[in-house]
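Spelled out, the chains give:
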Amino acid sequence: MRASGCLTMGIHCYELRVAVAVKDSWRTVLTLAYQSLGVVYGDLTTSPLYVYQTIFSQDIQHSTSNEEIFGVLSFIFWTLTLLPLIKYVFIVLKADDNGEGGTFALYSKLCRHARVSFLPNSQVVDEEISTYKNKDSIDQPCSSIITSMLKSTLEKYKVLQTVLLFLALVGTCMVIGDGVLSPSISVFSAVSGLELSISKEHHRYVELPAACIILLCLFALQHYGTHRVGFLFAPIVITWLLCISVIGVYNIFHWNPHVYQALSPYYMYKFLKKTQRRGWMSLGGILLCIRGSEAMFADLGHFSQLSIKIAFTFVVYPSLILAYMGQAAYLSSNHHSIPIGFYVSVPERIRWPVLGIAVLAAVVGSQAIITGTFSIIKQCSALGCFPRVKIIHTSSKIHGQIYIPEVNWILMLLCLAVTIGFRDTRLMANASGLAIITVMLVTTVLMSLVIVLCWHQNIFFAVCFLFFFGAIEALYFMVSVVKFREGAWVAVALAFVFLVIMYTWHYGTLKKYEFDFQNKIPINWLLSLGTSLGIVRVRGIGLIHTELVSGIPAIFSHFVTNLPAFHQVLVFLCIKSVPVPYVRPEERFLVGRIGPNEYRIYRCIVRYGYHDIHEDTLEFEKHLVCSIAEFIRSGRQEDSIGAEDLEKHNENMTVVGISSPNTEGIQILEDEVEVPNVDSSPTEVREIGSPVRPRKRVRFVLPESPHMDTSAQEELQELMEAREAGMVFILGDSHVRAKRGSTLIKKLVINVGYDFLRRNCRGPTYALNIPHASTLEVGMICHV
């Protein structure tokens, strides 16, 4: 009986724990869904402010037959349903890259399933990282011969790989360009509602300054982070959605209860039949109703897939449909409403409060694309396609929430320039529309490849996805291109500038790596120097940074040739990015040996994902030393390797995880010990400085394990003494120049473009916090 009671109590406790976990899980999901309303959907929910106004101010007029207004409503309904709801919410969001979204997330996902990546230091061993293959990328045979041929073709032809990278860069640049245009059009459209309450003479003097001040305040808030901004902005978006829903329902029942009939696709046919070329040209304005849809995917790393789906399906989508139906119902019964816009459909008694909410919602609407721009730039920077910038993580719980100061202020200046330069919602809408549809087209192309290569689905489904959604987006794309001279050129110009910057950085980085790889030093050269490397070995650890994952960099021979001493322990350190969002701590370090054991030379490769947070210097040093110690303790000591096999043997690397107090492995304890200076005789040279100097005391705590041999104990002892003596970072400062005889374009790209970006971007993340006293820079000239 007692045993039965204990068992029953255990079952009840287990059920209680499960219930609490489920409750906490749903509470987290709903909290993230609430925050996403203020960050992801602000841009999408403010589109009713200017969609009808843009459409009817350009190419078509509103007639008493209502065929134009019903046709526009039908286009809006089916565009919102097919693209944001079906394409993004139910299909594209499932293609997340371990929780991350965006154009580059799709590209990195493809790079892991087919060898199409341009990352120069990729290794086969990286494919063993647990996050390298997620739930939808389990090894499966190709579903068809066509799929196998597609994969082999992409891997065989470098031109196709270049096209794939170019598509990813174009999509990324259009997202950044939309990050400039969206805040401008959202804020300017909201402020334009003042024209119904202020005379034209005063309106033109108020509208532009008010929009600029609001934009300044918006970008000034970014440093608080997505978490705080989301909680601050979410109530505004909820109030705005409630407002437009109520107004929409009121207009439907008050002006035209039969407006729901316009949801039939038949009205699209009637619209195009009546308006013909003018109706075709107006489709660019209809495109604005889905502006901000890409943010659902780009901002996926800030929230979760389920939270974004819940917020859009049950809150955002119904509110937008009611808002557009309400405006159509009002216009169908008020044929002389000039100008046509959102505010004319708002009852006059509540127009001022709605204007205030709309201005706040427009500010929130700009947040979505700004947040997405930060995320996608971080991905590009980590994968070597964007100059290094300062990245601040604004949340300790959600690593995807970041803030990039330089990008924030550049976006602000460009937004102000566009607002002041255009001063016209129609021109801004044309530019934003082209940026939106270009990103969507790129996503559709990459997504069709993901369906085949990553999801291992039949190629028929990928073709259907490509042609169905691609045909809709191609239709809108052609309309947007026609408006090139009417403002759309700005989107192309912005994308072109960012594309030049990104491709120049990527090309220069790739050429520099190729130079390092071609000029690396063979192992035989190192063996010829002997154990002492031909020079004096001093106490301490020397960290030589290199981009190479194999071989000895040319910087080492350059250093040895010019300096007469080197450290007793040498570590060739390679900090590399892999095409995954995160790398687990236990898989971060790869450790190997260069040369025989007595040389005390190691290679350490530290792997980071494009959303990983780089550790500060002190923690990084401890984990590095601890990983080398663990390698010595558990590694095989092979002394009888022939010289001809040594180079091949030195390419073998061992995964050594970061140990913690709860895991079995070597633990490192470090204490700062104050060592007083010993008084010397008057005739001796005395050290001038502080009477007390700190010294580091290092101890390795070994787990219970089989007895280590003497050589391993001596190696650990020497590593401990070297750590106590200190660590020096040796960085290469390479000046890249084009070879003689290079083409003029290559000289401009390398000597001017890449050199300018290298001198003005930030240094490597790992080098930001290194004390200057512990850093040595070795200059070299690389002719590529």
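Residues numbered from 1 in each chain as written. Predicted model: local features only at pLDDT ≥ 70, side-chain atom pairs only at ≥ 80, totals over all residues. Heavy atoms only, no water.

- Under an unreviewed UniProt entry, the name given to the protein chain is Potassium transporter, and the organism recorded is Macleaya cordata.
- Database annotation for the protein chain, UniProt heading Sequence similarities (unreviewed entry): "Belongs to the HAK/KUP transporter (TC 2.A.72.3) family."
- The UniProt entry for the protein chain carries the following text under Function (unreviewed entry): "Potassium transporter." (UniProt positions renumbered as here; feature names shortened; annotations may be inferred.)

## Description of the packing of aromatic side chains
And then number 1: Scanning the entire structure with this criterion turns up 21 aromatic pairs.
And then number 2: Aromatic side chains Phe70 and Tyr267 sit 5.7 Å apart centroid to centroid with 85° between the ring planes, which places their arrangement in the edge-to-face category. Of this pair, Phe70 sits in helix H4 (residues 67–89) while Tyr267 sits in helix H10 (residues 266–275), and the two are 197 residues apart along the sequence.
And then number 3: Look at Phe70 and you get buried, because its relative accessible area is 12%. (Phe/Tyr/Trp six-rings, centres within 6.5 Å; stacked < 30°, edge-to-face > 60°. Helix = DSSP H or I, 4+ residues; strand = E, 2+ residues; numbered from the N terminus. Buried < 20%, exposed > 50% of the residue type's maximum accessible area, 1.4 Å probe, protein only.)

## Concerning unusual backbone geometry
And then number 1: One non-glycine residue, Arg423, lies in the positive phi region at around 55°.
And then number 2: Topologically, Arg423 is positioned in the loop between helix H15 (405–422) and helix H16 (425–453).
And then number 3: The residue His456 is not glycine, and still its phi comes out positive at about 60°.
And then number 4: As for its placement among the helices and strands, His456 is situated in the loop between H16 and helix H17 (459–482).

## Quick notes on the confidence of the model for the protein chain
Detailed reading of the predicted coordinates is not advisable wherever pLDDT falls low.
And then number 1: Mean pLDDT over the protein chain works out to 79, with 80% of the residues at or above the 70 mark.
And then number 2: In the model of the protein chain, helix H22 (residues 643–649) stands out as the element of lowest mean pLDDT, 49, in contrast to H4, which has the highest, 93.
And then number 3: Residue range residues 636–644 is modelled with pLDDT below 50. Its contacts to residues more than four positions away, or to other chains, number 14 contacts.
And then number 4: Within the model, the stretch residues 677–694 combines pLDDT values under 50 with 17 contacts to residues more than four positions away or in other chains. (pLDDT = per-residue confidence, 0-100. Contact = heavy atoms within 4.5 Å.)

## Some details on the packing of H4 against H10
And then number 1: Running from amino to carboxyl end, H4 crosses H10 at an angle of 130°, the nearest separation of the two axes being 8 Å. Considering their axes alone, H4 and H10 lie oblique with respect to each other. In this structure, H4 meets H10 at a crossing whose hand is left-handed. For the pair H4 and H10, contact is made by Glu67, Glu68, Phe70, Gly71, Val72, Ser74, Phe75 and Trp78 and by Tyr267, Met268, Lys270, Phe271, Leu272, Lys274 and Thr275, respectively.
And then number 2: Along the lines of polarity and charge, the residues of the contact of H4 with H10 split into 8 nonpolar, 3 polar and 4 charged. (Axes fitted to C-alpha atoms, helices over the stretch in contact; angles between N-to-C directions. Parallel < 35°, antiparallel > 145°, perpendicular 65-115°, else oblique. Left-handed = near helix turned anticlockwise from the far one by under 90°. Nonpolar A, V, L, I, M, F, W, Y, C, P; charged D, E, K, R; others polar.)

## Let's talk about the environment of Cys212
And then number 1: Mapped onto the elements of the fold, Cys212 is located in helix H8 (residues 200–220).
And then number 2: With a relative accessible area of 13%, Cys212 lands in the buried category.
And then number 3: Apart from residues no more than four positions distant in its own chain, Cys212 is found in contact with Leu416 and Ile420.

## Considering the environment of Ala431
And then number 1: When you line up the elements, Ala431 lands in helix H16.
And then number 2: Counting along the chain gives 55 residues from Ala431 to Glu486, while the straight-line C-alpha distance between them is 8.2 Å.
And then number 3: Those residues in contact with Ala431, other than ones at most four positions away along the chain, are Leu181, Gly487, Ala488, Val490 and Ala491.

## What about helix H7 (residues 158–191)?
And then number 1: Between the first and last C-alpha of H7 there are 50 Å, a value that for 34 residues agrees with the 50 Å anticipated at 1.5 Å per step.
And then number 2: Of all the bends in H7, the greatest reaches close to 25° and is centred on Gly179; the proline Pro183 follows between one and four positions later.
And then number 3: A large share of H7 lies buried, amounting to 27 of its 34 residues. (Expected span 1.5 Å × (residues − 1). Bend = angle between axes of the 7 residues up to and from the residue.)

## Overview of the sheet that holds strand E7 (residues 654–656)
And then number 1: Taken together, 7 strands build an open sheet; the order of strands is E7-E5-E6-E4-E3-E10-E11 and the sheet is mixed. The open sheet has two free edges, formed respectively by E7 and strand E11 (775–783), since each of these has just one partner strand. Taken pair by pair, the neighbouring strands of this sheet meet at an average axis angle of 30°, ignoring direction.
And then number 2: Of the pairings in the sheet, the one linking strand E10 (residues 727–737) to E11 comprises 9 bridges and is parallel in character. The residue of E11 that forms the bridge with Phe729 is Thr775. (Pairing = 2+ DSSP bridges.)

## With respect to the pairing of strand E6 (residues 601–608)
And then number 1: Counting buried positions over the 8 residues of E6 gives 8, a clear majority of the element.
And then number 2: With burial as the criterion, each face of E6 is covered, one bearing Ile601, Arg603, Ile605 and Arg607 and the other bearing Tyr602, Cys604, Val606 and Tyr608.
And then number 3: Strand direction decides the pairing type here: strand E4 (residues 565–577) and E6, joined by 8 bridges, are parallel. Considered in E6, the bridge of Ile575 is made with Val606.
And then number 4: Bridge count between strand E5 (residues 589–593) and E6: 5 bridges; the pairing is antiparallel. Bridge pairing in E6 places Leu590 opposite Ile605.

## Observations regarding the packing of H16 against H17
And then number 1: At a closest axis distance of 9 Å, the pairing of H16 and H17 adopts a crossing angle of 170°. Viewed along their axes, H16 and H17 adopt a mutual orientation that is roughly antiparallel. Contacts between H16 and H17 involve Gly433, Leu434, Ile437, Thr438, Met440, Leu441, Thr444, Val445, Met447, Ser448, Ile451 and Val452 on the former and, on the latter, Ile459, Ala462, Phe465, Leu466, Phe469, Gly470, Glu473, Ala474, Tyr476, Phe477, Ser480 and Val481.
And then number 2: When the residues that make up the contact of H16 with H17 are grouped by side-chain class, the tally is 17 nonpolar, 6 polar and 1 charged.

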